[in-house]
Amino acid sequence: MPTKATHLARTTKIIKTPLEAQKETIHLYRRFLRAAPTILRLYQMDLPLAMIRSKLRQEFERQRFVRSLPVISVLLAKGNMEYQETVNFWKQRAQIFKYFSQEEYPERYARKGFVDKFLEGTA
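Quantities reported herein were computed from a predicted structural model and do not represent experimental measurements.

Visitor: Help me out: how do you make sense of the overall build of the chain in this one?
Guide: When helices and strands are counted, the chain shows six helices and zero strands. When its helices and strands are written in sequence order, the chain yields α-α-α-α-α-α. Counting over 123 residues, the chain shows a buried share of 28%. Contacts in the chain between residues at least 24 apart in sequence constitute 66% of all its contacts with a sequence separation of at least 6. Looking at the chain as shown, the accessible area adds up to about 9,100 Å², and 58% of this sits on carbon and sulfur atoms.

Dropping the structure here:
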């Protein structure tokens, strides 16, 4: 199904007040949370929905203490672009899975050596 390039696009805003920054950030966060089931389906991810939502929360929490309004404007613009690219299925699975590191999902990224494969009978 073809997508329109402008579907889900948002114009970049210059944030002028901390209250406006908070409102826009919460709005973006909620858009991502609502899209989490769609993202799971589109990218055929074998992860629980709770893990996706938890990772989204972590990504937003990482920037929690940013107070500079110009920096917040840039972060919101990048977040909106990320949302549009993800929901429009313009990314590859590898780009989505880069958010899930080895520590968070070790069985997906486990490397098996020759001895492990030999003992399993797959070497």
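Visitor: Mind showing me how you'd approach a nonpolar patch on the surface here?
Guide: Taken together, the side chains of F114, V115, F118 and L119 present a nonpolar region at the surface, about 510 Å² in accessible area. If you trace the backbone, F114 turns up in helix α6 (residues 114-120). The class of F114 is exposed, set by a relative accessible area of 60%.

Visitor: When you look at empty space enclosed by the protein in this model, what are you seeing that I'm missing?
Guide: Summary: where empty space remains is shown by rolling a probe the size of a single water molecule over the atoms. The tally for this structure, following the rule as stated, stands at two cavities of 30 Å³ or more. Taken as a whole, the largest cavity encloses approximately 70 Å³ of empty space. Lining of the largest cavity is provided by R10, T11, T12, K13, I15, E24, S73, L76, A77 and N80. Ranked by the residues each element gives to the lining of the largest cavity, the list is headed by helix α3 (residues 69-87), at four residues. For the second largest cavity, the calculated volume is near 30 Å³. Forming the walls of the second largest cavity are R10, E24, H27, L28, R31, L76 and N80.

Visitor: What exactly am I supposed to notice about the environment of F97 here?
Guide: Here F97 lies in helix α4 (residues 93-97). When its relative accessible area of 7% is taken as the criterion, F97 is described as buried. C-alpha of F97 to C-alpha of M45: the two residues are 52 residues apart in sequence and 8.8 Å apart in space.

Calculation criteria
Residues numbered from 1 in each chain as written. Predicted model: local features only at pLDDT ≥ 70, side-chain atom pairs only at ≥ 80, totals over all residues. Heavy atoms only, no water. Helix = DSSP H or I, 4+ residues; strand = E, 2+ residues; numbered from the N terminus. Buried < 20%, exposed > 50% of the residue type's maximum accessible area, 1.4 Å probe, protein only. Contact = heavy atoms within 4.5 Å. Areas by Shrake-Rupley, 256 points an atom, 1.4 Å probe, with all protein chains shown as cover. Patch = residues over 30% accessible without salt bridge, like charges linked within 9 Å, V, L, I, M, F, W, Y side chains within 5 Å. Salt bridge = Lys/Arg side-chain N within 4 Å of Asp/Glu carboxyl O. 1 Å grid on protein atoms, 1.4 Å probe; cavity = no way out; pocket = protein on both sides within 12 Å on 5 of 7 lines; lining within 4 Å. Points joined across faces, edges and corners; volume = space filled by probe spheres on them.

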